[in-house]
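Spelled out from the first residue to the last, the chains are:
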Amino acid sequence: MDYQKLSKDILRLVGGSDNVVAVTNCLTRLRFNLKDESKADDAAIEALEGVSGIVKKGGQYQIIIGTDVPNVFNALSKLMGDKEQPVKSTEKMKWSDRLIDTLTGIFTPILMPLTAAGMLKAVLAILIAFGWVSSESMTYQVINFMADSTFYFLPIFLANSAAIKFGCSPMLAMMLGGILLHPNFVSLVNVAKDGGEAISIFGLPIYAANYSSSVIPIILGVWFMSKVEPIADRISPKAVKFFTRPLLTILVSGIVTLCVLGPVGYIIASWIGDLVKTINSYANWLVPTIIGAVLPYLVMTGTHHALTSIGINNRMTFGFDTFIYPGQLASNIAQGAAALALSLRSKDKVVKEMSWANGLTAVFGITEPVLFSITMKYKTNMIASSIGGAVGGFFMGILNVKNFSGGLPGLLTLPSYIGLEAPMSNFYLACAGALIAFVVSFIVSYVLNRPKKEEEEPVSQKTEQEEITEKAIDASEILYAPLNGKAVNLQEVNDPTFANEIMGKGAAIIPSEGKLYAPCDGKIMTVFRTGHALTMVSSHQAQIIIHIGLDTVKLEGKYFHIHAKEGDQVKKGDLLGEFDLDMICKEGYDPITPIIIANPDDYKEISAKTGEIQAQDAWMTLEA
């Protein structure tokens, strides 16, 4: 993949650097905060090679890349400079969207060190389980503190990402995290807990709490700092602002965090822990079952990151998590299994290859690629994933299976269910739960995706032109005009994305009637919610993009009515949809319709006739 080219294309299609307020990345997505989302060309972005899909949720414009996202983000960062900056645009969002956007923005950047720590713990657990390393050895101690460093200094990691999200100085925020973790403060806390002198500052009492590995206290503290810093800047004389602004910010924020916000966050975390204990004592199966069933929907909207803090809080409070990670493990395994079953069932070569590759990725813990390419497009797979995830989650929940170190929930992190003081049966039960989720989901998907009996093609009389065409093209393919109108070269399209063949090769038609017909036999792969574009794969595997008009995504579906649905098998000449050509033109949009072949490298030559054309005239030749 050409990361530089892909990043340039994405940046241009989201409206350019000036339209980007901030951008970050998680394990599989680029997460943009855009000034104006309507400037982003959804269809063109989704059609880019290397892009699996788009999600718009919680004030973020999310582009799903897959496991190559760090490379794309790095290339994008070089193009844009520092755009990982404070995001102030959330004020116009609903409170629920603001909450999701804030949690996502804070926790997404720290997923990498959390994953590294979890995997180190998993490696250490394997070494101990096989007797290759003793828990008393120096090797164990070194690897253990390497892994624990992320968890111990978690407030500092969170301080940095929270500062970026809340719009204050990351360095001062990390200093605030360091205050909560300083050895002298930890010593004072231990002395106070042992009945020694109480801690205070200017006569104000400081709650004796240990903030290592905590989550909520530092987030509250940095949020407060984001309110203090602008005031400190405003009241500081210009001549000495460099000195007084950080002084006032950290002094006020530090005292308030130690005396008020830190204790409040500590108590809230304790309440969450107590709630977990209560639920666990009455219905330990409930939460893992629910998470196992609904996680794909949460990932779809990006809200699954809200679960991260709960899982971390559980592990930091009790030493293990029995809710979040077991449910996520069951769900991820189940979704991968459903895709693998579809791969065996499907006779579509593209679907078979895509579901196999992305299914394996899901089983190992990353589900976005399979979710947006397969699960969302096949209701049978969503059903299978939910059932398998729920059953696996229920099994692990009812048996109180414990996760000790987190990581991406998948096969590679199963060793995170090995604890030094826990019996190996906990690990075996986690493996059994994963296997149950896999088997149940696989069976359900395999049954539901049973191929329909192929209907025999009626014998029909072919025209002389069709017989000559078929004999001439052999393995090549003819596409028939999907519209009435005037056919033109792609270079005449007033959009560089199409004219410069960034999305692929092809041609365009200026329609004279608002009816869209199938240009060939094939399968509908994607119908965009706005109705202005669709993609299909022909019976000879040509990947076709039909984009009605330029910038018509901004019409939000007005004047478009697509009859075809994703997954439909269509025949040449079938009416795929209708659109109000007059109203589109009155609204000021160019109705020219590019028809793009997204896999041009599979053909020696792609050519098309120009001039007046009628729907279903032989039009574009794909020479194999």
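Residues numbered from 1 in each chain as written. Predicted model: local features only at pLDDT ≥ 70, side-chain atom pairs only at ≥ 80, totals over all residues. Heavy atoms only, no water.

Novice: Just checking my understanding: could you explain the overall build of the chain for this structure?
Specialist: Scanning the chain from terminus to terminus reveals 21 helices and 20 strands. Its C-alpha atoms give the chain a radius of gyration of 28 Å, near enough to 25 Å, the size a compact globule of 624 residues would have. The principal-axis extents of the C-alpha atoms in the chain amount to approximately 100 × 65 × 40 Å. Taken over 624 residues, the chain has a buried fraction of 52%. Across the chain, every contact between residues at least 6 apart in sequence was considered, and the portion connecting residues at least 24 apart equals 72%. Looking at the chain as shown, the accessible area adds up to about 28,500 Å², and 59% of this sits on carbon and sulfur atoms. On the chain, the mean spot of the 50 positive side-chain charges and the mean spot of the 58 negative ones are 6 Å from each other. (Helix = DSSP H or I, 4+ residues; strand = E, 2+ residues; numbered from the N terminus. Rg over C-alpha atoms; globule rule 2.2 N^0.38 Å. Buried < 20%, exposed > 50% of the residue type's maximum accessible area, 1.4 Å probe, protein only. Contact = heavy atoms within 4.5 Å. Areas by Shrake-Rupley, 256 points an atom, 1.4 Å probe, with all protein chains shown as cover. Lys, Arg positive; Asp, Glu negative; His and termini not counted. Charge placed at Lys NZ, Arg CZ, Asp CG, Glu CD.)

Novice: What exactly am I supposed to notice about the environment of Ser607 here?
Specialist: Among the secondary structure elements, Ser607 is positioned in strand E18 (residues 605-608). Considered as a pair, Ser607 and Trp356 are 251 residues apart in the sequence and their alpha carbons are 33 Å apart. Other than its neighbours up to four places away in sequence, Ser607 contacts Trp619, Met620 and Thr621.

Novice: Would you mind going over the sheet that holds E18 with me for this structure?
Specialist: Strand pairing in a sheet is mediated by backbone hydrogen bonds. Such pairs are either parallel or antiparallel. Strand order across the open sheet formed by 3 strands is E7-E20-E18, with antiparallel pairing between neighbours. Looking at strand neighbours, the two that pair on one side only are strand E7 (477-480) and E18, the edges of this open sheet. When the angles between neighbouring strand axes are averaged without regard to direction, this sheet yields 20 degrees. Direction of pairing for E7 relative to strand E20 (residues 618-623): antiparallel, over a ladder of 4 bridges. Bridge assignment links Ile478 to a residue of E20, and that residue is Thr621. (Pairing = 2+ DSSP bridges. Axes fitted to C-alpha atoms, helices over the stretch in contact; angles between N-to-C directions.)

Novice: What's the story with the pattern of salt bridges in this structure? I'm lost.
Specialist: A side chain with one charge may pair with a side chain of the opposite charge, provided their charged atoms come close. Following the criterion strictly, the structure yields 8 salt bridges and no others. With its nearest N and O atoms 3.2 Å apart, the salt bridge here joins Asp233 to Arg245. Here Arg245 lies in helix H11 (residues 241-283) and Asp233 lies in helix H10 (residues 216-235), a separation of 12 residues in the sequence. Overall, Arg245 belongs to the partly exposed group, its relative accessible area being 31%. Residue Lys558 pairs with Glu587 through a salt bridge whose shortest N-O separation is 3.4 Å. Pair noted here: Lys558 is in the loop between strand E13 (543-547) and strand E14 (560-562) and Glu587 is in the loop between helix H21 (581-586) and strand E17 (593-597), with a separation of 29 residues, a long-range link. One continuous salt-bridge network, built from bridges that share partners, spans Glu229, Asp233, Lys241 and Arg245. (Salt bridge = Lys/Arg side-chain N within 4 Å of Asp/Glu carboxyl O.)

Novice: Is there a simple way to explain the packing of aromatic side chains in this structure?
Specialist: When we look at a pair of aromatic rings, we describe it by the centre distance and by the angle of the planes. All told, the structure shown has 13 aromatic pairs when counted by the stated rule. Here Tyr211 and Tyr266 contribute two aromatic rings whose centre-to-centre distance is 6.2 Å and whose plane-to-plane angle is 85 degrees, an arrangement assigned as edge-to-face. With Tyr211 in the loop between strand E6 (204-206) and H10 and Tyr266 in helix H11, this pair connects stretches of sequence that are 55 residues apart. On the basis of relative accessibility, which here comes to 26%, the residue Tyr266 falls in the partly exposed class. Three or more aromatic residues link up through ring pairs in this structure, and these residues are Phe185, Tyr207, Tyr211 and Tyr266. The cationic tip of Lys572 hangs over the ring face of Tyr480; the distance from NZ or CZ to the ring centre is 4.5 Å. (Phe/Tyr/Trp six-rings, centres within 6.5 Å; stacked < 30°, edge-to-face > 60°. Lys NZ or Arg CZ within 6 Å of the ring centre and 35° of its normal.)

Novice: Whenever I open this one, the packing of helix H17 (residues 379-398) against helix H18 (residues 425-448) confuses me. Can you help?
Specialist: Axis angle and axis distance: for two packed helices, these are the angle between their axes and the distance between the axes, and together they describe the pair. Here H17 crosses H18 at 155 degrees, and the two axes come no closer than 8 Å. On the basis of the axis angle, H17 is roughly antiparallel to H18. Considering only the axes of H17 and H18, their crossing is right-handed. Taking contact as the criterion, the partners of Thr380, Asn381, Ile383, Ala384, Ser385, Ile387, Gly388, Val391, Gly392, Phe395 and Met396 in H17 are, on H18, Leu429, Ala430, Ala432, Gly433, Ala434, Ile436, Ala437, Val440, Ser441, Val444, Ser445 and Leu448. (Parallel < 35°, antiparallel > 145°, perpendicular 65-115°, else oblique. Left-handed = near helix turned anticlockwise from the far one by under 90°.)

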